[in-house]
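This is what each chain is made of:
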Amino acid sequence: MSAVGEQSPTSGWRARLELTFARAAGRTRIVARRHHGPLLVQRPFYPEGDVCHAYIVHPPGGVVGGDELQLHVETGNDAHALLTTPAAAKFYRSDGRTARQEQILRADGATLEWLPQESIFYPDARVRSVTRIELSARARFIGWEIACLGLPARKQPFDRGELRLHLELWEAGAPLLIDRLRISGSTGWGLGGHESIGTLLAYPATRVTVDAVRNVQPPNVELGVTLVDNVLVCRALAAQAEPIKRAFVEAWKTLRPSLLERPAVPPRIWAT
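Residues numbered from 1 in each chain as written. Predicted model: local features only at pLDDT ≥ 70, side-chain atom pairs only at ≥ 80, totals over all residues. Heavy atoms only, no water.

Draft legend 1. Focus on the overall build of the protein chain. When you go through the protein chain residue by residue, the secondary structure sums to two helices and 17 strands. On C-alpha atoms alone, the protein chain measures out to a radius of gyration of 18 Å, which is about the 19 Å that the 2.2 N^0.38 rule sets for 272 residues. In terms of overall dimensions, the protein chain has a C-alpha envelope of 50 × 45 × 40 Å along the principal axes. Taken over 272 residues, the protein chain has a buried fraction of 52%. Approximately 12,100 Å² of the protein chain is accessible, and the part contributed by carbon and sulfur atoms is 49%. (Helix = DSSP H or I, 4+ residues; strand = E, 2+ residues; numbered from the N terminus. Rg over C-alpha atoms; globule rule 2.2 N^0.38 Å. Buried < 20%, exposed > 50% of the residue type's maximum accessible area, 1.4 Å probe, protein only. Areas by Shrake-Rupley, 256 points an atom, 1.4 Å probe, with all protein chains shown as cover.)

Spelled out as structure tokens, the structure:
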């Protein structure tokens, strides 16, 4: 097997990015970073003064069968990090190999916001993606994942290929949410005919925060909001990803003042 960051005809690109955030000298900083291959972080931004806004970048712009991407994030020491991406992640048609993505996000005595752009899965893509959020003492978290199945605007449904999308939230070593979604284009899938799905999670949440998010009523999207083990779980369905993204941004703006005691300050990259 090729070394991390190298490419071979059989394995594709392998890339890994490790980031550690901690509070130092009055603001959250990236105190350690390590990367191999085409997965990078841009220089941090500080539109809120002390909160670190960081943009995760995959320079190739798309993932193909055989590629492996790993992102590991640690936040501690009263840090507050907001992570997003500058553009949608694109998973292209596979030649039979599986593209793999692993994202491990940890917060210990810290606040973490995981707000990536959507993932677009082209027809014939074969993808296994795992996102695992691990929270411990005094951790706070708001995050989401959005998937667009096929290319709805081009009338190209996800009618071929296979997706295995895993989302997990753990607190103090115990699972709070384990979500396993398997979609096979060859056998069809439900979702009421919708081609975009999304999940937003917030912790620790209360009935008050759930009711506040339920009052968010964006157009062209179906939302369901529940409270499970102090986790707010918001599910979304729509014909395309954009309405879900708008809905989640509105929910985030509603959640942030009560949950994180801060007004919502959107990342600059969202305006470009």
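Next comes the rest of the description.
Draft legend 2. Quick peek at the packing of helix H1 (residues 207-214) against helix H2 (residues 241-259). Where H1 meets H2, the axes come as close as 9 Å, and the angle between the chain directions of the two elements is 155 degrees. Between H1 and H2, the angle falls in the class roughly antiparallel. You can see that H1 and H2 cross each other, and the crossing is right-handed. For the pair formed by H1 and H2, the contact residues are Thr209, Ala212 and Val213 on the first element and Ala251, Thr254, Leu255 and Ser258 on the second. Across the contact of H1 with H2, the residue classes break down as four nonpolar, three polar and no charged. (Axes fitted to C-alpha atoms, helices over the stretch in contact; angles between N-to-C directions. Parallel < 35°, antiparallel > 145°, perpendicular 65-115°, else oblique. Left-handed = near helix turned anticlockwise from the far one by under 90°. Contact = heavy atoms within 4.5 Å. Nonpolar A, V, L, I, M, F, W, Y, C, P; charged D, E, K, R; others polar.)

Draft legend 3. Region of the structure containing H1. Buried residues of H1: Thr209, Val210 and Val213, and no others. One side of H1 holds all its buried residues, which, seen down the axis, span an arc of 100 degrees. Residues of H1 that are exposed and point over 90 degrees away from its buried face: Arg207 and Val208. Contact partners of the buried residues in H1: strand S16 (222-228), strand S17 (231-238) and H2. (Arc of directions from axis to C-beta.)

Draft legend 4. Broad picture of the layout of surface pockets. Considered as a void within the structure, the largest pocket measures approximately 840 Å³ in volume. Forming the boundary of the largest pocket are 43 residues, of which Gln101, Gln117, Ser119, Glu145 and Ile146 lie nearest the centre. Split by residue class, the lining of the largest pocket holds 23 nonpolar, 14 polar and six charged. Its boundaries defined by the atoms lining it, the second largest pocket holds a volume of some 230 Å³. Lining the second largest pocket are 13 residues, with Ile120, Cys148, Pro152, Ala153 and Gln240 positioned closest to its centre. Classifying every residue of the lining of the second largest pocket gives seven nonpolar, two polar and four charged. (1 Å grid on protein atoms, 1.4 Å probe; cavity = no way out; pocket = protein on both sides within 12 Å on 5 of 7 lines; lining within 4 Å. Points joined across faces, edges and corners; volume = space filled by probe spheres on them.)

Draft legend 5. Seen up close, the state of the cysteines. Within this structure, the stated rule accounts for zero disulfides. Cysteine 234 provides the cysteine sulfur closest to cysteine 148, a residue in no disulfide bond, and the two sulfurs are 18 Å apart. Residue class for cysteine 148 comes out buried when judged on its relative accessible area of 6%. Cysteine 234 sits in the buried class, given a relative accessible area of 0%. (Disulfide = S-S within 2.5 Å.)

Draft legend 6. Molecular detail of the packing of aromatic side chains. Applying the stated criterion across every chain yields a total of six aromatic pairs. Seen from their ring centres, phenylalanine 45 and tyrosine 55 are 5.1 Å apart, and the 25 degrees between their planes marks the pair as stacked. Of this pair, phenylalanine 45 sits in the loop between strand S3 (40-41) and strand S4 (52-57) while tyrosine 55 is found in strand S4, placing the two residues ten residues apart along the sequence. Judged on exposure class, the residue phenylalanine 45 and its partner tyrosine 55 are both buried. Between tryptophan 144 and phenylalanine 248, the aromatic rings sit 5.9 Å apart at their centres with planes inclined by 35 degrees, giving tilted as the arrangement. Here phenylalanine 248 lies in helix H2 and tryptophan 144 lies in strand S12 (residues 140-149), a separation of 104 residues in the sequence. The same class applies to tryptophan 144 as to phenylalanine 248, namely buried. Three or more aromatic residues link up through ring pairs in this structure, and these residues are Trp144, Phe248, Trp252 and Trp270. The ring centre of tyrosine 46 lies 3.9 Å from the NZ or CZ of arginine 27, which sits over that ring. Sitting above the plane of the tryptophan 170 ring, arginine 132 keeps its charged end 4.1 Å from the centroid. (Phe/Tyr/Trp six-rings, centres within 6.5 Å; stacked < 30°, edge-to-face > 60°. Lys NZ or Arg CZ within 6 Å of the ring centre and 35° of its normal.)

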